Amino acid sequence: MAPGRIPGRLAALEPAFVWLYNSYAFEARVGLALQRATGCGLVLELEDLPHARSRGANPKPWLDAWYFERVLPRADLVTFVNAALEARFAPRIRGRALLFPSLLGRELVATNASTRFGLARHQLGYFGGLEPDKGAGVLLELLPRLPDSWHVVVTGAGSLEPAFRQAAAEFPRALTFHGRVAHARVAELMFDSDAIVNPHASIAAMHDGVFPFKVCEALASGALVISTPLPSIDIELADTVVSFDGSAASLAQILADAPRRYAENRSAIEAVRQAVVARYSEESMFRSLGEALDGAVTKRRESPRVGPTARDSRARAS
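Quantities reported herein were computed from a predicted structural model and do not represent experimental measurements.

Scanning the protein for helices and strands turns up twelve helices and ten strands. With the C-alpha coordinates aligned to their principal axes, the bounding extent of the protein is approximately 80 × 40 × 30 Å. Taking all 318 residues of the protein together, 50% fall into the buried category. Taking the contacts inside the protein whose residues are at least 6 apart along the sequence as the reference set, 71% of them involve residues at least 24 apart. Here the protein has roughly 15100 Å² of accessible surface; of this, 54% comes from carbon and sulfur atoms. The protein carries 36 positive and 34 negative side-chain charges, and their two centres are separated by 8 Å.

Here it is, written out as structure tokens:
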């Protein structure tokens, strides 16, 4: 099907709303066209700002940004991945705003968290993309200086995957590399980890344009979470997430003191775990999204039409 015919074919289905994942140019163009043609609701799930990551001379982020400026004021519902983005952009939307930093699978919600640091040898987990901007390379730098009482477990895929396979062969006592695994297995490894690290490159330098979904999953596991600075969400994390500067030296120092940190903050870690599970479980988020969507679509139906619907166009043609 020719790209130019897609909006017309979709308009004939008379959608109640269109859901856009970020303001990617093609999808945003189709969404805006459908809104004009049918009067349907428009939902923008904002996870990454167009210029959050450097793309060099690639023109696509600039096109995405151009459409972002046009989608934002026309959206009936915008979900934001962190509170900083919500505070920055919510005043510019005419519809509803919803904080949406994560969605916890049932395997993370249904399992009770166990006490950590009960054994002499501790496990540090990393579960995410194996890319430089995710900070995964810090784990490779950590291995030669890893405290003797620690072992690192890594899952994921990406450009650094060959380096992790090589490191696992070079440091078999320090690193177990699983590569790509099912999410249920990731959850098991999270619950087996005493600490979980999020070494993401500076999010502030990305204009607070992202929030690592895996952080909430790590919190839901009940492990001690170690992370580079994070933008805020609607749960206070400062007292439970141990901050580090993203370097292997800083991470090694924190690991040496991690059992004490966990013991001192165990009750707070459990409280945050329960709050994250209550707020971002599938059941809770589907309920919040359903209420927000219902309000957005109802408001759209009660407001003056943006343009003729597909049914109107067929009626005039007949």
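From this point on, the discussion continues.
Once that is clear, we can look at the packing of aromatic side chains. With the rule as written, the count across this model stands at seven aromatic pairs. Ring geometry for Tyr21 and Tyr24: centres 6.2 Å apart, planes at 55°, overall tilted. Residue classification places Tyr21 among the partly exposed residues on the basis of a relative accessible area of 36%. Taking the centre distance of 5.3 Å and the plane angle of 45° together, the rings of Phe117 and Tyr262 count as tilted.

To continue, consider the nonpolar core. In this structure, Val78, Leu104, Leu219, Ile233, Val276 and Tyr280 are the most contacted members of the largest nonpolar core, which totals 63 residues. Excluding anything up to four places from it in sequence, Val78 contacts Leu44, Leu46, Leu72, Ile93, Arg96, Ala97 and Leu98. If you look at the next biggest cluster of nonpolar residues, it comprises 34 residues, including Phe117, Val152, Leu160 and Ile226.

Attention now goes to the confidence of the model for the protein. Regions with low pLDDT carry predicted coordinates that are not meant to be interpreted in detail. Of all residues in the protein, 92% attain a pLDDT of 70 or more, and the chain-wide mean is 88. Low pLDDT, under 50, characterises residues 305-318; the predicted model gives this stretch 22 contacts beyond four residues in sequence or across chains.

So, on to unusual backbone geometry. You will see that Asn22, though not glycine, has its phi angle at about 65°, which is positive. Here Asn22 lies in the loop between β1 (17-21) and α2 (25-38). Residue classification places Asn22 among the buried residues on the basis of a relative accessible area of 1%. Even without being a glycine, Phe117 presents a positive backbone phi close to 60°. Relative to the helices and strands, Phe117 is located in the loop between α5 (106-109) and β5 (122-127).

Calculation rules
Residues numbered from 1 in each chain as written. Predicted model: local features only at pLDDT ≥ 70, side-chain atom pairs only at ≥ 80, totals over all residues. Heavy atoms only, no water. Helix = DSSP H or I, 4+ residues; strand = E, 2+ residues; numbered from the N terminus. Buried < 20%, exposed > 50% of the residue type's maximum accessible area, 1.4 Å probe, protein only. Contact = heavy atoms within 4.5 Å. Areas by Shrake-Rupley, 256 points an atom, 1.4 Å probe, with all protein chains shown as cover. Lys, Arg positive; Asp, Glu negative; His and termini not counted. Charge placed at Lys NZ, Arg CZ, Asp CG, Glu CD. Phe/Tyr/Trp six-rings, centres within 6.5 Å; stacked < 30°, edge-to-face > 60°. Core = buried A, V, L, I, M, F, W, Y, C linked by side-chain atoms within 4.5 Å. pLDDT = per-residue confidence, 0-100.

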